[in-house]
Amino acid sequence: MRKLSRRGRQTVLIVHLVAAGAWIGIDVIVAVLVMVGRFGSGLETRSLAYRALAAFVVWPMLISGLVCLATGVLLGLGTKWGLIRYWWVLVKLVLNVALCTVILAVLRPGMGAVGDYGRDLLTGTPDPVEVSQLFYPPAVSLTALTIATVLSVAKPWGRRGGTPARKPATERPALTRTANSA
Ligand code: HEM
C-alpha cells in the first residue's frame, strides 16, 4: 500500500484515537451499568440498568471497535510501522480482533437474556445466573484496551525477527557521504 501523506496520517490517527477513546468510554458505561444493575438501590433502577445494557451497548461498542481496527490497519499499512512488522502493532491487532469477536460472538447473543432479566426484576423472581457473568466483559475489555494504549505509547519490543528498522546514519553507504561532500 502507498504510504499515507502527512495530512492523511494525521486524519486517520485522529479517527483512530477518537474511536479508541469512545470504545474505552463505552466500556466504562458498561461497567457502571453492571454495577448499578447488581448493587443499585431499588428494583426500578436496577431493572433500568439491565434494560439499558441490553438495548444500547453492543452496537456502539462494536462500531467503535471496528473503526479502531480499520484505522489501525490503515495506519499500519500506510506508515513505516507495518501490520506485522513490529510486535506492539501485531499484539494490538490480535487484541482488537479478539475483542470484536467476543462482542459479536459472546456479548451480543447474551443481551436478550439480560433485557429479560431486567424486565423480570419488576415482575417476579428472575434467574440470577443470567447476569452473574456480566462483570467480566468490561473488566477484560478495559484491561486489554489499557494494554493496547500503553503499547501504542511505549512501542516496546522492537521489530519482529530482531532486525533494526533502519541502519544508523553512520552505517549507511559511503555513497551518501561522498555525494554530500562532493
Ligand atoms: C486495541 C485498540 C487500540 C487502541 C486503544 C489503540 C491506541 C492507539 C494510540 C493511543 C495511538 C497513538 C500513539 C502515539 O501517537 O504515540 C495509536 C497509534 C497507532 N496505532 Fe493503535 N490502537 C488500537 C488498535 C490498533 C490496531 C488494531 C492497529 C493495527 C493493526 C493499530 C495501529 C496503530 C499504529 C500503526 C499507530 C501509530 C500511528 C503513527 O504514529 O503513525 N492500533 N493507537
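Everything discussed here concerns the structure shown above.
Quick caveat: nothing in here was measured; it's all calculated off a predicted structure. (Residues numbered from 1 in each chain as written. Predicted model: local features only at pLDDT ≥ 70, side-chain atom pairs only at ≥ 80, totals over all residues. Heavy atoms only, no water.)

A surface patch of nonpolar side chains, amounting to about 440 Å² of accessible area, comprises V15, W59, I63, V67 and L104. Ranked by the residues each element gives to the nonpolar patch, the list is headed by helix 3 (residues 58–78), at three residues. Within the fold, L104 resides in helix 4 (residues 87–123). Judged by its relative accessible area of 42%, L104 falls in the partly exposed class. (Patch = residues over 30% accessible without salt bridge, like charges linked within 9 Å, V, L, I, M, F, W, Y side chains within 5 Å. Areas by Shrake-Rupley, 256 points an atom, 1.4 Å probe, with all protein chains shown as cover. Salt bridge = Lys/Arg side-chain N within 4 Å of Asp/Glu carboxyl O. Helix = DSSP H or I, 4+ residues; strand = E, 2+ residues; numbered from the N terminus. Buried < 20%, exposed > 50% of the residue type's maximum accessible area, 1.4 Å probe, protein only.)

Lining the immediate environment of the ligand, one finds 24 residues, of which R9, H16, G72, K92 and S152 sit closest. Between the ligand and R9, the relevant distance is 2.4 Å, taken from an oxygen atom to a side-chain nitrogen or oxygen of the residue. At 3.3 Å from a nitrogen atom of the ligand is found a side-chain nitrogen or oxygen belonging to S152. Elements that contribute at least two residues to the shell around the ligand include exactly helix 1 (6–39), helix 3, helix 4 and helix 5 (136–154). (Near = heavy atom within 4 Å. Polar contact = N/O pair within 3.5 Å; in protein donor to acceptor, adjacent residues only side chain to side chain.)

What follows deals with the pattern of salt bridges. Counted under the stated rule, the structure contains one salt bridge. Across the salt bridge formed by D116 and R119, the nearest N and O atoms sit 3.1 Å from each other. Residue D116 and its partner R119 are both found in helix 4; the two are separated by three residues, about one turn of the helix. Under the relative-accessibility criterion, D116 is labelled partly exposed at 39%.

Now for helix 3. In this model helix 3 runs 30 Å from its N-terminal to its C-terminal C-alpha over 21 residues, within 8% of the 30 Å that 1.5 Å per residue would give. Along helix 3, the residues that are buried comprise V58, M61, L62, S64, G65, C68, L69, T71, G72, L75, G76 and G78. Here the buried face of helix 3 lies against helix 1, helix 2 (43–56) and helix 4. (Expected span 1.5 Å × (residues − 1). Contact = heavy atoms within 4.5 Å.)

One non-glycine residue with positive phi stands out, namely K155, at about 45°. Its location among the elements puts K155 in the loop between helix 5 and helix 6 (174–181). For W157, which is not glycine, the phi dihedral falls at a positive 75°. Structurally, W157 can be placed in the loop between helix 5 and helix 6. Since its relative accessible area comes to 56%, W157 is described here as exposed.

Take L99: it is sitting in helix 4. Taking relative accessible area as the criterion, L99 reaches 10% and is therefore assigned buried. Separated by 45 residues in the primary sequence, L99 and A144 have C-alpha atoms spaced 8.3 Å apart.

This next bit is on helix 4. Taking 1.5 Å per residue as the helical rise, helix 4 with its 37 residues ought to reach 54 Å, and the 52 Å between its terminal C-alpha atoms agrees with that figure. Considering bend angle alone, the principal kink of helix 4 is centred on L107 and spans about 35°; proline P109 follows within four residues of it. (Bend = angle between axes of the 7 residues up to and from the residue.)

The tally for this structure, following the rule as stated, stands at four aromatic pairs. Aromatic side chains Y50 and Y117 sit 5.0 Å apart centroid to centroid with 85° between the ring planes, which places their arrangement in the edge-to-face category. One end of the pair, Y50, is in helix 2; the other, Y117, is in helix 4, and 67 residues separate them in sequence. Aromatic side chains W81 and W88 sit 5.1 Å apart centroid to centroid with 75° between the ring planes, which places their arrangement in the edge-to-face category. (Phe/Tyr/Trp six-rings, centres within 6.5 Å; stacked < 30°, edge-to-face > 60°.)

Counting residues in each nonpolar core, the largest one holds 27 residues, and the members touching the most others are W23, V30, Y50, L53, M61, V114 and L134. Among the secondary structure elements, those contributing two or more residues to this core are helix 1, helix 2, helix 3, helix 4 and helix 5. A total of eight residues in this core trace back to one element, the largest contributor, which is helix 4. If near-sequence neighbours (up to four positions away) are discounted, W23 is found in contact with M61, S64, G65, C68, N96, L99, C100, I103, S141 and L145. (Core = buried A, V, L, I, M, F, W, Y, C linked by side-chain atoms within 4.5 Å.)

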